[in-house]
Amino acid sequence: MNSSPQAEVFEVPAEVFEAAYWLRVQSNSLKQTKALVSELSLQFYKLGWLSGTGGSVTLKVHEHNVPKQNQFIVMSPSGVQKDRMSPEDTYVLSSGGSILSLPPTKSYPNNPPKCTDCAPLFLKVYEMCNAGAVIHSHGLDACLVTMINSSSNEFRIRNMEMIKGIQGHGYHDELVVPIIENAPSEGQLVESLTKAIRGYPKSTAVLVRRHGVFIWGDTWISAKTQAECYHYLFAAAIKLRQLGLPY
Ligand SMILES: CSC[C@@H](O)[C@@H](O)C(=O)COP(=O)(O)O
Ligand SMILES: [Zn+2]
């Protein structure tokens, strides 16, 4: 008879094994994606899209041969100066929304970090739109354009060359972007965002009244390009209105 004490056996859940496997596969591109999130955040801060800690950028880790459902998502922390954020301050989430890694607490000695409040909205966009990147902008024009007509749930513009920069649109197309009402917290916007995405399948943006805009694309390049075009068109609409010209 064997009298030696039995070794304790810990069961590691299958999804932990799987996440660890994909983390290894994607580690190089994960590093690059974290760096890109902080680089783009600084760039967008300079454009006025991420000021006063508002706004946020999220990217999916792009790695060939990794199935979409195993691609990791990088998000920024909540309530921080987005222009001063370093790659190591970012969060890594599974495509299902579980947090896989968080910033070291030494970066936040007085205040434990928290993932962006926009996380449920970003996850909804990833899920419904097959996006590779989402930008939440607090650009002033994105906010003001929702206030031109407070009873309208749409922003419409036509006859502008920059409309061609929006996915699925040509010069002769009218651009229509849904507007949802703001709420005291981001989580309360999930339902109306979902409805707007469903109701406007051609749109790659949703405006939030008196707040800003969510813009997405298949890749970070597409999201950035479109975000530049959307902001141009919002600014143009405001200016045209001031000049008394139709848009
Ligand atoms: C200026 S506060 C803005 C926030 O409430 C929110 O709307 C936002 O855009 C950023 O949230 P955050 O949690 O800091 O990523
Ligand atoms: Zn916001």
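Residues numbered from 1 in each chain as written. Chains lettered and ligands numbered in written order. Predicted model: local features only at pLDDT ≥ 70, side-chain atom pairs only at ≥ 80, totals over all residues.

Draft legend 1. The site of ligand 1, seen in detail. The local shell around ligand 1 holds 13 residues, among which Gly54, Ser56, Ser78, Thr116 and Asp117 are the closest. When the residues that make up the shell around ligand 1 are grouped by side-chain class, the tally is 1 nonpolar, 10 polar and 2 charged. Both domain 1 (11-116) and domain 2 (118-247) contribute no fewer than three residues apiece to the shell around ligand 1. (Near = placed C-beta within 6 Å. Nonpolar A, V, L, I, M, F, W, Y, C, P; charged D, E, K, R; others polar. Domains from an automatic or database assignment.)

Draft legend 2. Fine view of unusual backbone geometry. The backbone of Asn130 shows a phi angle near 55°, a positive value even though the residue is not glycine. Its place among the elements puts Asn130 in the loop between α3 (119-129) and β5 (133-137). On the basis of neighbour counts, which here come to 11 C-beta atoms within 10 Å, the residue Asn130 falls in the exposed class. Phi at Arg210 is positive, roughly 55°, even though this residue is not glycine. (Helix = DSSP H or I, 4+ residues; strand = E, 2+ residues; numbered from the N terminus. Buried ≥ 20, exposed ≤ 12 C-beta atoms within 10 Å, placed from the backbone.)

Draft legend 3. Representation of the nonpolar core in the model. Core analysis: the biggest nonpolar cluster contains 60 residues, and Val134, Val206, Leu207, Val213, Phe214 and Ile215 have the highest contact counts within it. With residues up to four places along the chain from it excluded, the contact list for Val206 reads Pro178, Ile180, Leu193, Ala196, Ile197, Val213 and Phe214. (Core = buried A, V, L, I, M, F, W, Y, C linked by C-beta atoms within 7 Å. Contact = placed C-beta atoms within 7 Å.)

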